[in-house]
Amino acid sequence: MTVDTGTRLTAGRAVARAAELAGQIFAARADEYDRTSAFPDADFAELHAAGLNAATVPAEYGGLGLGPLRQHTYPLWMITKELAKADLSLARCWEGHTNSLVLVDALGTEQQRERWFDGVVRAGEKWVAWSGEPQARKPGEAQRFGTTVTRTPEGWTVHGSKAFATSATGADWAVLLVSLAGPGGARHTDAEDSVLMLACDLKHPSISVDTSWWDPIGMRATASHVVRFDHTPIPDSCQLGEPGDYLRQGWQTAFIPHYAASFLGAAEAAYDYALEYVQRQGKSADPYVQQRIGQMTVNLDTAQLWLAHVARLWDQGRRDEARMAGSRARHTIEHLALSTVDNCVRACGARSLVRPGPVERILRDLTFYVRHDNDDHILATIGRGVLGQQHDLSFYKP
């Protein structure tokens, strides 16, 4: 497989090429990746060969220059949507990769950008960002998660474990969100100014992956295993920005609507299946089926408009408006996507949930993925913002 780094895709062509790969190649692989809980490595190799894996790498470094930092947001989200139509797990891994590179672009030094972007463009290196350190055990769970960070003369040492480590068996580099205050990462700490970002080379021998923990109902191919760090050294040259930059500058809010683009892609896949199914089964004259098709159509149109609106706010530099609108979009699109999949199943019947058809996987994956954030807390956060009360748009803490 050869990689052409000399010809850069336009944004429109990038979306179209992603759609081609997703429809012609990735969708056929999704079932096997799901059954085996395997990271979609071959899909990422295809994305690299097509010049798409550097979507959020700036053009001057050989990438496409997409994303909210470069004020070219909508095409990135449409690429994600197309990948999610084929495989929601693939889209989640892709989000982690592209979002991590936005952080490198925003907070990295010139030397860091040159080094790491070259690895992406030329070698197809894959990135991810890991925060997950839930502190409360679930019933029956023996192990605890969390990391501690120690200063050394050369940089930092990370010790402990992270859960929900997306792309654990596929990524080459991870941006570790760790807290100087102790276990909790970015999501589960109250000391926001203590959150540090460290770029970690995952080939280091002190790092191990525990594949026994990740056995979920859905999103299995994200390979979101437990990763353990045994006093892993990370030099100062791999620190991104200053402690507190991630939450202080609101980077999580730039990625929240990106999740919604994946939700929309999964919903579109269910919609396409329903259209083909009801017409092939001769159900298109059934008024109840017509009603469900109508509802799905309105759902998808509404979700698309929301994403376009939020992307426009980011691209116009209206950051404060974009942050709140992104949470509103994420909340709304979660419900629109779930409704679309539900209407698909009701219109098509039980056979749509029998493998190897894609709908049962879409249902499992979407139901699991939307739990990434607590929607009750999202809606309450939106309300607090409207009421002029203090609110957390990054992790929706009560």
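Would you explain the overall build of the chain in this entry?
Helix and strand counts for the chain come out as 11 helices and 8 strands. At 21 Å, the chain has a C-alpha radius of gyration in line with the 21 Å of a compact globule built from 398 residues. Taken over the C-alpha atoms alone, the chain extends approximately 75 × 50 × 45 Å along its principal axes. For the chain, the residues scored as buried account for 57% of the 398 residues in total. Pairs at least 24 apart in sequence give 74% of the contacts found in the chain among residues at least 6 apart. In the form shown here, the chain has an accessible surface area of approximately 16200 Å², with 51% of it arising from carbon and sulfur atoms. Of note, the chain has its 40 positive side-chain charges centred 4 Å away from the centre of its 47 negative side-chain charges.

Looking at this structure, I do not really get the confidence of the model for the chain. What am I missing?
Interpretation of this model should avoid reading the predicted coordinates in detail wherever pLDDT is low. Summing up the model confidence of the chain, the mean pLDDT is 95 and the portion of residues at 70 or higher is 98%. Low pLDDT, under 50, characterises residues 1-7; the stretch is placed with 10 contacts to residues that sit more than four places away or in other chains.

I keep staring at the sheet that holds strand β7 (residues 225-235) and nothing clicks. Help me out?
Backbone hydrogen bonds are what pair the strands of a sheet, in a parallel or an antiparallel way. Strand order in the open sheet made by the 4 strands is β2-β3-β7-β6, with antiparallel pairing throughout. At either end of the open sheet lies a strand with only one pairing partner, and these are β2 (146-151) and β6 (207-210). Neighbour-to-neighbour, the strand axes of this sheet turn through a mean angle of 10 degrees, independent of strand direction. Sheet topology places β2 next to strand β3 (residues 155-165); 6 bridges connect them, and they run antiparallel. When the sheet's bridge partners are listed, T147 is paired in β3 with G160.

Can you help me understand the sheet that holds strand β8 (residues 239-240) in this one?
As summarised here, the arrangement of the 4 strands in space is β1-β4-β5-β8, forming an open sheet in which the pairing is mixed. Each having just a single partner strand, β1 (127-130) and β8 make up the two edges of the open sheet. Direction of pairing for β1 relative to strand β4 (residues 173-179): parallel, over a ladder of 4 bridges. What sits directly across from V128, in β4, is A174.

How should the nonpolar core be read in this particular structure?
Generally speaking, soluble globular proteins have nonpolar side chains that are buried together. Within the largest apolar cluster, 125 residues are counted, with the highest numbers of intra-cluster contacts made by W77, L83, W127, W130, L176, Y246 and F263. The element best represented in this core is helix α7 (residues 251-280), accounting for 17 residues. If we skip the residues at most four places from it in the chain, F263 touches R330, I333, E334, A337, L366, Y369 and V370.

Honestly, unusual backbone geometry in this entry has me stumped. Any pointers?
Across the chain, the bulk of peptide bonds are trans and the bulk of non-glycine residues have phi less than zero. Between R355 and the following residue, P356, the backbone shows a cis peptide bond with an omega angle of 10 degrees. For P356, the location among the structural elements is in the loop between α9 (319-348) and α10 (359-369).

Where do I start with the pairing of β7 in this structure?
Residues in a regular strand point their side chains to alternate faces of the sheet. When β3 meets β7, the two strands line up antiparallel, connected through 8 bridges. Each residue of the ladder has a partner; that of V158, found in β7, is T232. Looking at chain direction, β6 and β7 are connected through 4 bridges and run antiparallel. Following the sheet pairing, S208 is matched in β7 by R228.

So what exactly am I meant to see when it comes to the packing of helix α2 (residues 41-49) against helix α4 (residues 88-107) here?
The interhelical angle for the contact between α2 and α4, taken along N-to-C directions, is 55 degrees, at an axis separation of 11 Å. If you check the angle between α2 and α4, you find them oblique. In this structure, α2 crosses over α4, and the sense of that crossing is right-handed. Residues D43, F44 and L47 of α2 pack against L90, C93, W94 and H97 of α4. Of the residues contributing to the contact of α2 with α4, the split by class is 5 nonpolar, 1 polar and 1 charged.

Is there a simple way to think about α9 in this case?
Working note: α-helix, 3.6 residues per turn, so residues spaced by three or four point in the same direction. The first and last C-alpha atoms of α9 sit 42 Å apart over 30 residues, in line with the 44 Å expected at 1.5 Å per residue. Just downstream of α9 lies G349, where phi reads positive at about 90 degrees.

Parameters and conventions
- Residues numbered from 1 in each chain as written.
- Predicted model: local features only at pLDDT ≥ 70, side-chain atom pairs only at ≥ 80, totals over all residues.
- Heavy atoms only, no water.
- Helix = DSSP H or I, 4+ residues; strand = E, 2+ residues; numbered from the N terminus.
- Rg over C-alpha atoms; globule rule 2.2 N^0.38 Å.
- Buried < 20%, exposed > 50% of the residue type's maximum accessible area, 1.4 Å probe, protein only.
- Contact = heavy atoms within 4.5 Å.
- Areas by Shrake-Rupley, 256 points an atom, 1.4 Å probe, with all protein chains shown as cover.
- Lys, Arg positive; Asp, Glu negative; His and termini not counted.
- Charge placed at Lys NZ, Arg CZ, Asp CG, Glu CD.
- pLDDT = per-residue confidence, 0-100.
- Pairing = 2+ DSSP bridges.
- Axes fitted to C-alpha atoms, helices over the stretch in contact; angles between N-to-C directions.
- Core = buried A, V, L, I, M, F, W, Y, C linked by side-chain atoms within 4.5 Å.
- Parallel < 35°, antiparallel > 145°, perpendicular 65-115°, else oblique.
- Left-handed = near helix turned anticlockwise from the far one by under 90°.
- Nonpolar A, V, L, I, M, F, W, Y, C, P; charged D, E, K, R; others polar.
- Expected span 1.5 Å × (residues − 1).

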